[in-house]
Amino acid sequence: LPAASGVGAKAATANTVPVVDLGNPDEAAVAQALWEAASTVGFFSVVNHGIPLDQIYDTFACSNAFFAQSLEDKEAQSPFKPQLNSGFEHMTQVRPSTGLPDVKESMQITARGEAMEGRWPAHPADFESRSRGFMTAAHSLGARILSLLEPRACPNNVPGTLANSHALWGDDGQCTLRMLHYPPMTQAQLADLPPGSWRAGAHTDWCCITLLFQKMGETGLECAANPRSGSTEWAPVDPVAGGIAVNVGDMLSRWSDGRLLSNLHRVRMPEFVAGIGADGPAAPARYSLAFFMQADKRAMIECSAHDPKQPAITSSDASGATSPRAPWGRRWGREADDAEWRVVMQVAGVRVGEGDRWHKWRVEVAGTGSGKDVMMSGSPRCTSRASLDLPRLGNTMLGTSWDLPRLLGNALSLGRFA
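So, a few notes on the structure that sits alongside this text. (Residues numbered from 1 in each chain as written. Predicted model: local features only at pLDDT ≥ 70, side-chain atom pairs only at ≥ 80, totals over all residues. Heavy atoms only, no water.)

Further remarks concern the overall build of the protein. Secondary structure assignment for the protein yields ten helices and 25 strands. Taken across its 418 residues, the protein has 55% of its residues classed as buried. Of the roughly 16500 Å² that the protein leaves accessible, carbon and sulfur atoms contribute 54%. (Helix = DSSP H or I, 4+ residues; strand = E, 2+ residues; numbered from the N terminus. Buried < 20%, exposed > 50% of the residue type's maximum accessible area, 1.4 Å probe, protein only. Areas by Shrake-Rupley, 256 points an atom, 1.4 Å probe, with all protein chains shown as cover.)

A few words now on the sheet that holds strand β9 (residues 200-203). Pairing is antiparallel across the open sheet formed by four strands, whose spatial order is β9-β14-β11-β12. Of all strands in the sheet, those with a lone pairing partner are β9 and β12 (234-236), marking the two edges. Averaged over all pairs of adjacent strands, the angle between their axes in this sheet comes to 20°, without regard to strand direction. (Pairing = 2+ DSSP bridges. Axes fitted to C-alpha atoms, helices over the stretch in contact; angles between N-to-C directions.)

Turning next to the environment of Ile244. Mapped onto the elements, Ile244 comes out in strand β13 (residues 244-248). Residue Ile244 is classed as buried on the basis of its relative accessible area, which comes to 0%. For Ile244 and Ile51, which are 193 residues apart along the polypeptide, the C-alpha to C-alpha distance reads 9.7 Å. Filtering out sequence-adjacent residues up to four positions away, Ile244 remains in contact with Phe44, Ser45, Val46, His49, Ile51, Leu141, Leu211, Leu212 and Phe213. (Contact = heavy atoms within 4.5 Å.)

This structure, assessed with the given rule, holds six aromatic pairs. Between Phe66 and Phe67 the ring centres are 5.4 Å apart and the planes differ by 65°, which places this aromatic pair in the edge-to-face class. Exposure remark for Phe66: the relative accessible area of 0% places this residue in the buried category. Taken together, the ring pairs connect Phe66, Phe67, Phe88, Trp120, Phe127 and Trp169 into an aromatic cluster. Looking at Arg132, its charged tip hangs above the ring of Trp169, at a distance of 4.0 Å from the centre. In this arrangement the basic side chain of Arg266 is found over the ring face of Trp234, its NZ or CZ atom lying 3.8 Å from the centre. (Phe/Tyr/Trp six-rings, centres within 6.5 Å; stacked < 30°, edge-to-face > 60°. Lys NZ or Arg CZ within 6 Å of the ring centre and 35° of its normal.)

An order of β1-β2-β13-β10-β16-β7-β6-β3 is seen for the eight strands of this open sheet, with the pairing classed as mixed. Among the strands making up the open sheet, the edge pair consists of β1 (19-21) and β3 (87-90). With direction set aside, neighbouring strand axes in the sheet form an average angle of 25°. Bridge count between strand β10 (residues 209-214) and strand β16 (residues 286-293): six bridges; the pairing is antiparallel. The partner of Ile209 across the bridge, within β16, is Met293. Its contacts with the sheet place helix α1 (residues 27-40) against β1, β2 (43-47) and β13, and it is angled at close to 150° to β2.

Applying the stated criterion across every chain, the model contains 13 salt bridges. Ionic pairing is found between Arg130 and Asp58, a salt bridge with its closest N-O pair at 3.1 Å. Residue Arg130 is located in helix α4 (residues 127-153), and its partner Asp58 is located in helix α2 (residues 53-67); the two are separated by 72 residues in the primary sequence. Between Arg95 and Asp102 there is a salt bridge, with the nearest N and O atoms lying 2.7 Å from each other. Of the two residues, Arg95 and Asp102, both sit in the buried class. Sharing partners across several salt bridges, the network here consists of Asp58, Asp126 and Arg130. (Salt bridge = Lys/Arg side-chain N within 4 Å of Asp/Glu carboxyl O.)

Our focus in this paragraph is the environment of His139. Following the sequence through the fold, His139 ends up in helix α4. The contact partners of His139, leaving out residues within four places of it in the chain, are His166, Ala167, Leu168, Cys175, Phe291 and Met293.

With 58 residues, the main nonpolar core has Leu34, Ile145, Leu211, Phe213 and Leu252 as its most contacted residues. The dominant element in this core, judged by the number of residues it contributes, is α4, at twelve residues. Listed in part, the 15 residues of the second largest apolar core include Leu180, Ala200, Val237 and Phe292. (Core = buried A, V, L, I, M, F, W, Y, C linked by side-chain atoms within 4.5 Å.)

Running from amino to carboxyl end, α1 crosses α4 at an angle of 75°, the nearest separation of the two axes being 9 Å. It follows from the interaxial angle that α1 and α4 lie roughly perpendicular. Across from Glu27, Val30, Ala31, Gln32, Leu34, Trp35 and Ala38 in α1, the residues of α4 making contact are Arg144, Ile145, Leu148, Leu149, Arg152 and Ala153. By residue class, the composition of the contact of α1 with α4 is nine nonpolar, one polar and three charged. (Parallel < 35°, antiparallel > 145°, perpendicular 65-115°, else oblique. Nonpolar A, V, L, I, M, F, W, Y, C, P; charged D, E, K, R; others polar.)

Right, dumping it as structure tokens:
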């Protein structure tokens, strides 16, 4: 199959993400299991989580009914508003890791009053009430997980700070439910995609944690290895019976002084199945529900070490630091300007100056002689010119100013600039 599908990239390994039983009466053991998963993998699944399976199935049915409508009806019922992160979005979200739109559509519901004004779908008729009920249940679970992680993740926090910083339907609330539909595709449709397309390109989430509800049999989600491990493998995050996948986001990683890992993840195209679709073999559809526990706009995110180089910042300020799609870029690095540019899989870098904690690196597109200066934190020992392989993003391209410093920073921490 062509690499455009994501199938052509290196397959995920048989590594698995941890499964944590929230029904264990030993709360300390549950907290320890969550901590180990969140600090080493950044991904885990939870079972016996307290959300009735019937409610999950019902929300999937609600999502399916909405997506089954025509594109014109969906766009008319819930026009997308990027500034509010709400509404229906059809194959327009561009990932910096690919520079291409994800092959998916989504319905985003941000739990803040004005965000949904004029955007609640009319079909199914009870869409709003069913979605609100599900969001309440997901929010309660997310608050519990944050509270279990908080004592070790943010030891200087007043207990309950994380949970209380995520209001539903408050004036500055930012928690969001995202209903996702990855449509089935024939071989012909796949061939029409630009090379390098994925159902969802590699990315991190910019919330505190994400709860991802998946349907059994609908696979494709993968997470990268912990960059501190030195591995460049990806692991499948397949649906677990009765389970919910959870991952740490950029916001909680910062709040925890980096103790918890916000990990790259992606969704690849599945193998083709005969007999699906009128035009021959097709990749089956995938549906998922993502609930993002994103801190309120005025929530103060303050590292426990009170590092002057990483000052306290509100969630709103952090979210607007670069762009709506890359709000946490300046946590990792900064550049002389924000112009977008791309590099291929091999880059070269050499430190050409420094100031305070920041080191200036000259990063060049391999074999072209062109490039630009990048300011980022890095180990002082990494001073020589070297080639850097970035297979973590498969056979895609890197993109935009914000994620290159991050990925180079990961490479520095692994000593790949020697």
